[in-house]
Amino acid sequence: MNFKTLHENDWRLRVFDSLSFPTLILDPHRNVLAVNQKLLDKFAVTEAQVVGKTCREVFHTIFMDPDLPCNRHTCPFDKTLKDGIGHSILRQIQHLNGSFHWEDRVFSPILDDNGHVIYVIESIRDVTRSKTLEKIFHDIREFMDRVIQSSTSAIVAAERNGKVLVMNRAAEELFGRMFRRSDHINITDLYPPGVAREVMKKLRDDAYGGVGKLPVTRFNILTSRGEQIPVEMTGAIIYEDGKEVATMGIYNDLRERLEVVKKLEEAQGQLVQSEKMASLGRLAAGVAHEINNPLTGILMFGNLMKEKLGADHPLQSDLNYILEDAERCRDIVKNLLAYSRRSSATRDSFSLNTLVEESLRLIRDQSLFLNITIRKELSSQWLPVYADKNKLSQVVINLITNAIDAMNRSGVLTLKTYRNDDRKTACLEVSDTGCGIPEENLSRVFDPFFTTKETGKGCGLGLSTAYGIVKDNGGDITIKKTSPSGTTFLLELSLDLNNKMESIG
Ligand SMILES: Nc1ncnc2c1ncn2[C@@H]1O[C@H](COP(=O)(O)OP(=O)(O)OP(=O)(O)O)[C@@H](O)[C@H]1O
Ligand SMILES: [Mg+2]
């Protein structure tokens, strides 16, 4: 080793030689003064080949390094010389066989007593391993980021103090926020008041899937617009050395699923209702049939007795009561038979407006209309339907008499017709300003014999009969709205699209 000019002790030379990475000592003019054994071994050169040469000659010409950091702006040797502190440069070097390695060149100054740089030590460290690990780590991180971002479930992670660290695209959409790390969103901003605390409590509670874990649980989250959305979430606490450092949650929007469940329940409800109606219909038909014959006998013999006893007989008034009640029974039986769809149907094409006008004409002279204002809002559009007009007239009359009863005989009755082009139906709304239907009765008003009217006033067959007739005619009858200030019934019938004539009645 040619190191005489340094006058170093023997042990220092030994240290220099035993450094595990190739090292050179340069003077301020870039001349190589000394190199250690590691460098000679690595580049397979002799001391004589390199000492006394400039670093450029050594690396560029002897070591055949094509890509030196030899320009005035990037040269770490120049920088070290200039400011007297260490500099380094990281380089990726490609070998002839195409493989790469990473090299970290560290330049350390040796200063004189006045702080001037008199020598520069250059060490060449192979950092390929740590760079490779760094790259693997970086790739895994990028991959994880992509997995999180492409998840269709919303994912949010937050520091222990609640500061949100990660929010994927699905979460941005669900919570209605654009996430930037600098935004300082707190996890409590993402839930209605008190819910974040409840989530944390469950996460830490052994009773919910073990400490640190939250199995699928339903909560409401809060969007930036203040809207609450039902979600199904799972969560976890992230630990480092046994300490809580963060939390994460995965959320799935439940709105669509709940909507489907609601529709399914409604459909099931309708199915139950129509099954109930069908079995009650069969029962009603049987009862009506059984009662009809004895009733005919009662009325016939009663009338005969009435005639025979003569007008002045003291039992005349009792007999009248019997006959009136028997007639009421006959009306009920008639309704029951209509409800049970025993009577035959005759269908025709007619306009819904005509049905309304004719039904009104049938009953409007009755005293019950005395204090009722009738408002007709009949559509000017063509509303042809193909159905049994006589029976549907009974439906309209039932709806009108119910409306009048509900208004206690004074108020406004509105009859409105219109065309629903989406559903291809002709619609009639019968609205009143009456007492409304209490929530608990809503599911029962179409049941046969359900009535809230006093005995003798109603027998609860009006709506159930109407329901049967409308269903028979392929239509629908529903309560559109009801409140203590009034009720609207909606009757919908399919438009008779084959009928283009505007002159039918
Ligand atoms: N427009 C309405 N406003 C408030 N309640 C109503 C209205 N229509 C019906 N109802 C309620 O629904 C019940 C059932 O009506 P439905 O027409 O089937 O029988 P009813 O009118 O009581 O008797 P019936 O029609 O056989 O004479 C009524 O008793 C009433 O409580
Ligand atoms: Mg009625």
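Scroll up a little and you will see the structure.
Here the structure is a predicted model, which is why all the values come from computation and not from measurement.

Undergrad: For this particular structure, what's the right way to read the overall build of the protein?
TA: Each helix and strand counted, the protein has 13 helices and 17 strands in total. The C-alpha atoms of the protein give 47 Å as radius of gyration, which overshoots the globular expectation for 505 residues (23 Å, by more than 25%). A total of 505 residues make up the protein; the buried ones form 39% of that total. Taking the intrachain contacts of the protein between residues at least 6 apart in sequence as the baseline, contacts between residues at least 24 apart amount to 54%. Total accessible area on the protein stands at roughly 30100 Å², and carbon and sulfur atoms take up 53% of it. The average position of the 65 basic charges and that of the 68 acidic charges among the side chains of the protein differ by 1 Å.

Undergrad: I'm lost on the packing of aromatic side chains in this one. Help?
TA: Tallied over the entire structure, the rule returns five aromatic pairs. Judged by centre distance (5.7 Å) and plane angle (55 degrees), the rings of Phe446 and Tyr467 are tilted. Here Tyr467 lies in helix α13 (residues 462-472) and Phe446 lies in the loop between β15 (425-432) and α13, a separation of 21 residues in the sequence. The pair formed by Phe446 and Tyr467 is uniform in burial state, with each residue classed as buried.

Undergrad: What exactly am I supposed to notice about helix α8 (residues 195-204) here?
TA: Note: α-helices contain 3.6 residues per turn, so residues at a spacing of three or four share the same orientation. Looking only at α8, the buried set comprises Val195, Ala196, Val199, Lys202 and Leu203. When α8 is viewed along its axis, its buried side chains cluster within an angular range of 125 degrees and face the same direction. Every exposed residue of α8 that faces more than 90 degrees away from the buried side is listed here: Arg197 and Lys201. Its buried side turned inward, α8 meets β8 (213-222), β9 (228-240) and β10 (243-253).

Undergrad: Looking at this structure, how should I read the packing of helix α11 (residues 352-363) against helix α12 (residues 389-406)?
TA: Relative placement of two packed helices is described by the angle separating their axes and the distance separating the axes. α12 packs onto α11 with a crossing angle of 65 degrees between their chain directions and a minimal axis gap of 9 Å. Seen along the crossing, α11 lies across α12 with a hand that is right-handed. Facing Thr354, Leu355, Glu358, Ser359, Leu360, Leu362 and Ile363 of α11, the residues of α12 in contact are Lys389, Leu392, Ser393, Val396, Ile397 and Ile400. In terms of residue class, the contact of α11 with α12 is built from eight nonpolar, three polar and two charged.

Undergrad: How should I be thinking about the nonpolar core in this particular structure?
TA: The nonpolar side chains of a soluble globular protein tend to be buried with one another. Among the nonpolar cores identified, the biggest contains 39 residues, and Phe369, Leu392, Val395, Ile400, Leu413, Leu428 and Ile477 are the most heavily contacted of them. At the level of secondary structure, the elements contributing two or more residues to this core comprise α11, β13 (384-387), α12, β14 (410-420), β15, α13 and β17 (486-494). If you tally residues by element for this core, the top one is α12, at eight residues. The next biggest cluster of nonpolar side chains, apart from the first, holds 26 residues, and it includes Ile185, Val195, Val199 and Leu203.

Conventions we followed
- Residues numbered from 1 in each chain as written.
- Chains lettered and ligands numbered in written order.
- Predicted model: local features only at pLDDT ≥ 70, side-chain atom pairs only at ≥ 80, totals over all residues.
- Heavy atoms only, no water.
- Helix = DSSP H or I, 4+ residues; strand = E, 2+ residues; numbered from the N terminus.
- Rg over C-alpha atoms; globule rule 2.2 N^0.38 Å.
- Buried < 20%, exposed > 50% of the residue type's maximum accessible area, 1.4 Å probe, protein only.
- Contact = heavy atoms within 4.5 Å.
- Areas by Shrake-Rupley, 256 points an atom, 1.4 Å probe, with all protein chains shown as cover.
- Lys, Arg positive; Asp, Glu negative; His and termini not counted.
- Charge placed at Lys NZ, Arg CZ, Asp CG, Glu CD.
- Phe/Tyr/Trp six-rings, centres within 6.5 Å; stacked < 30°, edge-to-face > 60°.
- Arc of directions from axis to C-beta.
- Axes fitted to C-alpha atoms, helices over the stretch in contact; angles between N-to-C directions.
- Left-handed = near helix turned anticlockwise from the far one by under 90°.
- Nonpolar A, V, L, I, M, F, W, Y, C, P; charged D, E, K, R; others polar.
- Core = buried A, V, L, I, M, F, W, Y, C linked by side-chain atoms within 4.5 Å.

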